[in-house]
Amino acid sequence: MSETIFAKIIRRELPADIVYEDDEILAFRDINPKAPVHVLVIPKIEIATINDLEDEHAELIGKMVLAAQKVARQEGIAEEGYRLVFNCNQHGCQVVFHIHMHLLGGKQLRGSAA
Ligand code: 5GP
C-alpha cells in the first residue's frame, strides 16, 4: 500500500490542527471543511479502506466512535447533534486511502448522508 498524507500527519511530518490523540487514534480538522466543525478521526495504524477491516479491528472502530463522541463534546456540538461518515472507494468518494471517519456538525445538516 502506498503511503498517504495521513501517515505523514501521524508522524508530524505535515502540520494538522489536532483536536484529540491517544495511543491508537488521532483526530484533526479537515483542511477543506464542509461544516463549521469538520474533524477527521483516524486510526494510527494504516488500513486503506473499510473493506480491509478484519474482526480484530472491531475494538479499534469502537474506539474511533468514542473518540468522535469526545471531540463532539469538546467542540460543543454533542447535544445539537452531528454526523459520522466513512467513505469507501469510488462510489463513496474516498480520496485518502487510510480509513477515516468524518465528524460533521455545528450547523443544521441536510437530508441523508449522500
Ligand atoms: P475522503 O473523501 O477520502 O473521505 O476524505 C478525505 C478528506 O481529507 C477530505 O475531506 C479532505 O479535505 C481531507 N484532507 C485531504 N488532505 C488533507 C490534509 O493534508 N490535511 C487535512 N487536515 N485534511 C486533508
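On a predicted model such as this, the values are computed, not experimentally measured, just so you know. Residue positions are given per chain, counted from 1 along the sequence in the order it is written. In keeping with the model being predicted, local features are shown solely for residues with a pLDDT of at least 70 and side-chain atom pairs are shown and tallied solely at 80 or more, while totals for entire chains, interfaces and linings include all residues. In computing side-chain values, all of the structure's heavy atoms are included and hydrogens and water are not.

## Some points on the side chain of Thr4
- In DSSP terms, a helix is any run of H or I states spanning at least four residues, a strand is any run of E spanning at least two, and both are numbered starting from the N terminus. Along the chain, the position of Thr4 falls in the segment before α1 (5–10).
- You can call Thr4 buried: its relative accessible area is 8%.
- Within the local environment of Thr4, its side chain forms a polar contact with the backbone nitrogen of Phe6, the two atoms lying 3.2 Å apart.
- The criterion used for residue contact is that any of the two residues' heavy atoms lie within 4.5 Å. Apart from residues no more than four positions distant in its own chain, Thr4 is found in contact with Val96, Phe97 and His98. Using a 1.4 Å probe on the protein chains alone, a residue whose accessible area is under 20% of its type maximum counts as buried, one over 50% counts as exposed, and one in between counts as partly exposed. Throughout this description, a polar contact denotes any pair of N or O atoms lying within 3.5 Å of each other; where both atoms belong to protein, one of them has to be capable of donating a hydrogen while the other can accept it, and for residues adjacent in sequence the pair is counted only when both atoms sit in side chains.

## Examining the pattern of salt bridges
- Between Lys or Arg on one side and Asp or Glu on the other, a salt bridge is scored when a side-chain nitrogen of the former is within 4 Å of a carboxyl oxygen of the latter. Counted according to the given criterion, the structure contains 9 salt bridges.
- For the salt bridge of Glu13 with Arg11, the shortest nitrogen-to-oxygen distance reads 2.7 Å.
- A relative accessible area of 41% places Arg11 in the partly exposed class.
- Here Asp17 ties to Arg29 by a salt bridge, and the two come within 3.1 Å at their closest N and O atoms. You can see Asp17 sitting in the loop between α1 and β1 (18–21) and its partner Arg29 sitting in strand β2 (residues 25–29), a full 12 residues away along the chain.
- On the accessibility criterion, Asp17 (43% relative accessible area) is partly exposed.
- Counted as one network, the salt bridges with shared partners bring together Glu3, Lys8, Arg11 and Glu13.

## Points about the environment of Gly92
- Looking at the element boundaries, Gly92 is found in the loop between β4 (82–86) and β5 (101–105).
- Residue classification places Gly92 among the partly exposed positions, given a relative accessible area of 22%.
- For Gly92 and Ala58, which are 34 residues apart along the polypeptide, the C-alpha to C-alpha distance reads 21 Å.

## Here we look at the packing of aromatic side chains
- Put simply, two rings from Phe, Tyr or Trp (the six-membered ring, in Trp's case) pair if the centres are within 6.5 Å, and we call them stacked under 30 degrees between planes, edge-to-face over 60, tilted for the rest. As enumerated under the stated definition, the model contains 1 aromatic pair in all.
- Look at Phe6 and Phe28: their rings are 5.4 Å apart centre to centre, the planes differ by 75°, and that puts the pair in the edge-to-face class. Of this pair, Phe6 sits in helix α1 while Phe28 is found in strand β2, placing the two residues 22 residues apart along the sequence.
- In this structure Phe28 comes out as buried when scored by relative accessible area, which is 2%.

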